[in-house]
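Below, each chain spelled out in residue letters.
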Amino acid sequence: MDYQDPPLEKALQGDEEAFASLVDRYQGPVYNLCYRMLGDSNEAEEAAQETFLRAYLGIKRYDRAKSFSTWLLSIAAHYCIDRLRRRKMTLVPFDTLSYEEIADPLPGPESLLNFHEQQQQVRALLDVLNPTDRAIVVMYYWQDMSNNEIAQALNLTVSAVKSRLHRARIEMARVWRKDSNPNPTQEVIRYESRTL
Amino acid sequence: MNHEPYESWLFTVESLTADQSQALKGHLETCEACQKLEAIWNEAETLLRNASPAYPTPGFTARWLIRLASRRSIEQQKKMRRLTWWFFAFAATSAMVFFLLSMMQVIPIFNSPVDFFIGGIYLLSSTVSMTNALQELVATLTRVIIQAIPPYWLAGLFSMAGLLCLLWIVLLRKLLLPRRILS
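Everything numeric here is computed off the predicted structure, so don't read it as measured data. (Residues numbered from 1 in each chain as written. Chains lettered and ligands numbered in written order. Predicted model: local features only at pLDDT ≥ 70, side-chain atom pairs only at ≥ 80, totals over all residues. Heavy atoms only, no water.)

Visitor: Report on the interface of chain B and chain A, specifying residues and quantitative values.
Guide: At the interface, 38 residues of chain B touch 54 residues of chain A. Together chain B and chain A conceal approximately 4,400 Å² of surface at their shared face, both sides included; 63% is due to carbon and sulfur atoms. Scanning the region where chain B abuts chain A turns up seven salt bridges. Residues A:E50 and B:R67 are paired through a salt bridge, measuring 3.1 Å at the closest nitrogen-oxygen approach. One can count 21 residue pairs in polar contact (both at pLDDT 80 or more) joining chain B with chain A. For the side of chain B that touches chain A, the elements supplying multiple residues, two or more each, are α1 (6-11), α3 (32-50) and α4 (60-111) of chain B. Ranked by the residues each element gives to the side of chain B that touches chain A, the list is headed by α3(B), at 14 residues. The residue inventory of the side of chain B that touches chain A, partitioned by class, reads 20 nonpolar, seven polar and eleven charged. (Contact = heavy atoms within 4.5 Å. Buried area = accessible area lost by both parts, 1.4 Å probe. Salt bridge = Lys/Arg side-chain N within 4 Å of Asp/Glu carboxyl O. Polar contact = N/O pair within 3.5 Å; in protein donor to acceptor, adjacent residues only side chain to side chain. Helix = DSSP H or I, 4+ residues; strand = E, 2+ residues; numbered from the N terminus. Nonpolar A, V, L, I, M, F, W, Y, C, P; charged D, E, K, R; others polar.)

Structure follows, in structure tokens:
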């Protein structure tokens, strides 16, 4: 609940400048969610811009009882889920998407290499998840949202969020196992083929 | 070896009770597969937790403002196009209604042209006779007025009317012409 927030109050009255200050404030979380969901910096920029535009044009629909950031992230997540579903139709391989234009917080060639390697590993983990599960994982790990907030943002029940997160973790562990341990022991193979 | 419910506990979002934690710990000490699974998941989760958040390139808000202006312009164009279509539809409907009404008037001509022409001739002759009557009335009134009002009064009235016309033209020019801007 974002009571007593002057820029938000002004933005709710239709003040464009006040809304621009909200864009300034929330651009990081919204962009990060879009980037983790879509895996491409250009698409993430497009999605984040569209999210703020939709929020601005639909500000009258904002329910003051809920947190503004949750509402924004909800718009972003639904937009990205739709994009991913459309992308599925056009069959764009996830690996072919570029990530050269990510704003790198760490300077230097070595750190840049580590950063890109880390991004690639994260992307490989998220790639196996369906769009809704991906949104749940991103909100849980990067936005520090509670199960309740995630449920609210994605129009799901709390138990659905929990079970989807549980399933997503199993999926990600399966992918990580494949990447980190290409030759597992027979016991592990038997067990994992049954459980994962 | 039975791995349930330990495998589920490894990935659960809920926090485990003390008994469950103890049981899981005991199982992990004896089960190589679950140990491996726990290590795998810990590595993956550490990666997720430590992955630095992505940020947009600088100037995001400025780009958004440009996009908003562009979207508004597109919306305005759409609105104008919609209005044009509405106007066109209204004009087309009016034309259609006018055409139908005209047809309703014209159809009797084709049914009985003689009646229509007789009616027309009657209308024409009555208009001519009415015009003549009006002309005579105006002439009689003018004669009466000229005889009743003295000539110097008439001259005064016409001069006053002329002056009022002149004043009206001057005022009109003064009010309607754009003011000269002095530098």
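Visitor: Run through the packing of aromatic side chains, naming residues and quoting values.
Guide: The geometry of two aromatic rings is summed up by the distance between their centres and the angle between their planes. Applying the stated criterion across every chain, the model contains 13 aromatic pairs over all chains. With 5.8 Å between their ring centres and 70° between their planes, A:F52 and B:F60 make a pair best called edge-to-face. Of the two residues, A:F52 sits in helix α3 (residues 41-57) while B:F60 sits in helix α4, which places them in two different chains. For the pair A:F52 and B:F60, a shared accessibility class is recorded, and that class is buried. Ring pairs connect the aromatic residues A:Y26, A:Y62, A:F68 and A:W71, which therefore count as one cluster. (Phe/Tyr/Trp six-rings, centres within 6.5 Å; stacked < 30°, edge-to-face > 60°. Buried < 20%, exposed > 50% of the residue type's maximum accessible area, 1.4 Å probe, protein only.)

Visitor: Which residues make up the confidence of the model for chain A, and what values do they have?
Guide: Close reading of the predicted structure is inappropriate where its pLDDT is low. All names here are of chain A. Confidence in the prediction for chain A averages 82 pLDDT; 78% of positions are at 70 or higher. When pLDDT is averaged over each element of chain A, α3 comes out on top at 95 and helix α9 (residues 186-195) at the bottom at 48. Counting interchain partners and residues more than four positions distant, the pLDDT-below-50 stretch residues 184-192 has 16 contacts. (pLDDT = per-residue confidence, 0-100.)

Visitor: Describe in detail the nonpolar core, supporting the description with residues and values.
Guide: Note that soluble globular proteins tend to have their nonpolar side chains buried in a common cluster. Counting residues in each nonpolar core, the largest one holds 81 residues, and the members touching the most others are A:F19, A:V30, A:F52, A:F68, A:V137 and A:M139. Counting residues per element, this core draws most heavily on helix α2 (residues 16-38) of chain A, which supplies twelve residues. (Core = buried A, V, L, I, M, F, W, Y, C linked by side-chain atoms within 4.5 Å.)

Visitor: Go over α4(B) with me, naming the residues and quoting the values.
Guide: In a regular helix each residue adds 1.5 Å, so 52 residues correspond to 76 Å; α4(B) covers 75 Å between its end C-alpha atoms and thus fits that length. Taken as a whole, α4(B) carries its principal kink of about 25° at B:Q105; the proline B:P108 stands between one and four residues after it. For α4(B), the secondary structure elements touched by its buried residues are α2 and α3 of chain A. (Expected span 1.5 Å × (residues − 1). Bend = angle between axes of the 7 residues up to and from the residue.)

Visitor: So what about a nonpolar patch on the surface? Which residues, and what values?
Guide: There is a patch of nonpolar side chains on the surface, built from B:M160, B:L164, B:L167, B:W168, B:I169, B:L171, B:L172, B:L175 and B:L176 and spanning about 1,000 Å² of accessible area. Structurally, the position occupied by B:L167 is in helix α6 (residues 151-176). (Patch = residues over 30% accessible without salt bridge, like charges linked within 9 Å, V, L, I, M, F, W, Y side chains within 5 Å. Areas by Shrake-Rupley, 256 points an atom, 1.4 Å probe, with all protein chains shown as cover.)

Visitor: Report on α3(B), specifying residues and quantitative values.
Guide: Residues and elements named next belong to chain B. A rise of 1.5 Å per residue sets the reference length of α3, with its 19 residues, at 27 Å; its end C-alpha atoms lie 27 Å apart and thus fit the reference within 8%. Taken residue by residue, α3 has A33, C34, L37, I40, W41, A44, E45, L47 and L48 as its buried positions. End-on view of α3: buried residues confined to an arc of 150°, all on one side of the axis. (Arc of directions from axis to C-beta.)

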